[in-house]
Amino acid sequence: MSTLFISDLHLDPARPAITALFLRFLTLQARRAEAFYILGDLFEAWIGDDDDAELGRTVALALRTLVDGGVPVSFLHGNRDFLIGERFAAASGVRLLPETQIIDLYGEPVLVLHGDTLCTDDIDYQAFRTQARDPSWQARLLGLPLPQRRALASQLRETSRQATQQKASDITDANLETVDHTLRTHGARRMIHGHTHRPAIHEWILDGLAARRAVLGDWYDGGNLLCCDASGWQLQFFAALDG
Ligand code: LP5
Ligand code: MN
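Residues numbered from 1 in each chain as written. Chains lettered and ligands numbered in written order. Predicted model: local features only at pLDDT ≥ 70, side-chain atom pairs only at ≥ 80, totals over all residues. Heavy atoms only, no water.

1. Re the pairing of strand β11 (residues 232–239)
Relative to β11, strand β10 (residues 222–229) runs antiparallel, the two sharing 8 bridges. Pairing of Gly 223 across the sheet is with Phe 238, part of β11. Linkage of β10 to β11, two consecutive antiparallel strands, is achieved through a turn of 2 residues. (Pairing = 2+ DSSP bridges. Helix = DSSP H or I, 4+ residues; strand = E, 2+ residues; numbered from the N terminus.)

2. Structural notes on the layout of surface pockets
Roughly 910 Å³ of volume is contained in the largest pocket. What lines the largest pocket is a set of 36 residues, and nearest its centre among them are Asn 79, Arg 80, Tyr 125, Arg 157 and Ser 160. Mapped by element, the contributors of at least two residues to the lining of the largest pocket are α4 (123–132), α5 (135–142) and α6 (146–165). Top contributing element to the lining of the largest pocket by residue count: α6, with 10 residues. Tallied by class, the residues present in the lining of the largest pocket amount to 16 nonpolar, 10 polar and 10 charged. What the second largest pocket holds in volume is close to 440 Å³. Lining the second largest pocket are 20 residues, with Asp 12, Pro 13, Glu 44, Ala 45 and Asp 51 positioned closest to its centre. Secondary structure elements with two or more residues in the lining of the second largest pocket: α2 (54–68) and α6. (1 Å grid on protein atoms, 1.4 Å probe; cavity = no way out; pocket = protein on both sides within 12 Å on 5 of 7 lines; lining within 4 Å. Points joined across faces, edges and corners; volume = space filled by probe spheres on them. Nonpolar A, V, L, I, M, F, W, Y, C, P; charged D, E, K, R; others polar.)

3. Focus: the site of ligand 1
Residues in contact with ligand 1 amount to 21 residues; listed here are only the nearest, Arg 80, Asp 122, Ser 160, Lys 167 and His 195. One of the side-chain N or O atoms of Ser 160 is found 2.8 Å from an oxygen atom in ligand 1. When each cavity is represented as a set of grid points, ligand 1 is found to reside in the largest pocket. With 8 residues, α6 is the largest single contributor of residues to the shell around ligand 1. Here the residues of the shell around ligand 1 are counted per class, giving 9 nonpolar, 6 polar and 6 charged. (Near = heavy atom within 4 Å. Polar contact = N/O pair within 3.5 Å; in protein donor to acceptor, adjacent residues only side chain to side chain. Sits in = over half its atoms within 2 Å of the grid points.)

This is the structure we're talking about:
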């Protein structure tokens, strides 16, 4: 039995092959997992649980089938889907986690998070994040009509695209001092996150103890996941379906 972790799928009606790959992954590999964690950015942009778009409904139903089949699914927010709320959780059966969570993984405490909070050199993003996670800002946005929210989301995406093009690649990566500090704060030596789209398993010594950080990749050209069991951690990559 194993525990699976994914993030950064950025599911989007414009990329149906990736949605198909995810749905197939849910019915095949995820079905046999002991537990399944989605560490944010499942969707390209989430504008509220009241959005009636087909993609959200399809994904909620597929997750619900997995949960009803006995696989506990946990989700934590990314910077694209921080507006996922209780209504989506109820429809899909997923458990909503706080932005950082220690889980017990085969006897070891492991910190799971999206990863954006580790990118502390990206000052402009951290300022945007503070605003985006403010409950009153969110409530004001959620009060807008759906077409206006859709337009705002694409405006934000365009602004972000332009802003990130100007940033050096070390600015948008995790700051290693922040990684150490975050692990110390939580009393852990293991961490799993996504967001930076730089899949790898890093190992180093932190305060004399072996530390490990798994970084999940995005689902653009294909899928990937971290598979953990009692014998260790492994990143797996798979190609998108043809057609
Ligand atoms: O997302 P990505 O990969 O492009 O880059 C991220 C950071 N960008 C973001 C912004 C999101 O992409 C925006 C999309 C949100 C979708 C949901 C919207 C729901 C609300 C609206 C409808 C209800 O997270 C990017 C990082 C990068 O990761 C790497 O870590 O660098 O950060 C930025 O680009 C932030 C900029 O530096 C600053 C942006 C300022 C925007 C200010 C907008 C103020 C509000 C105006 C509204 C039009
Ligand atoms: Mn992200």
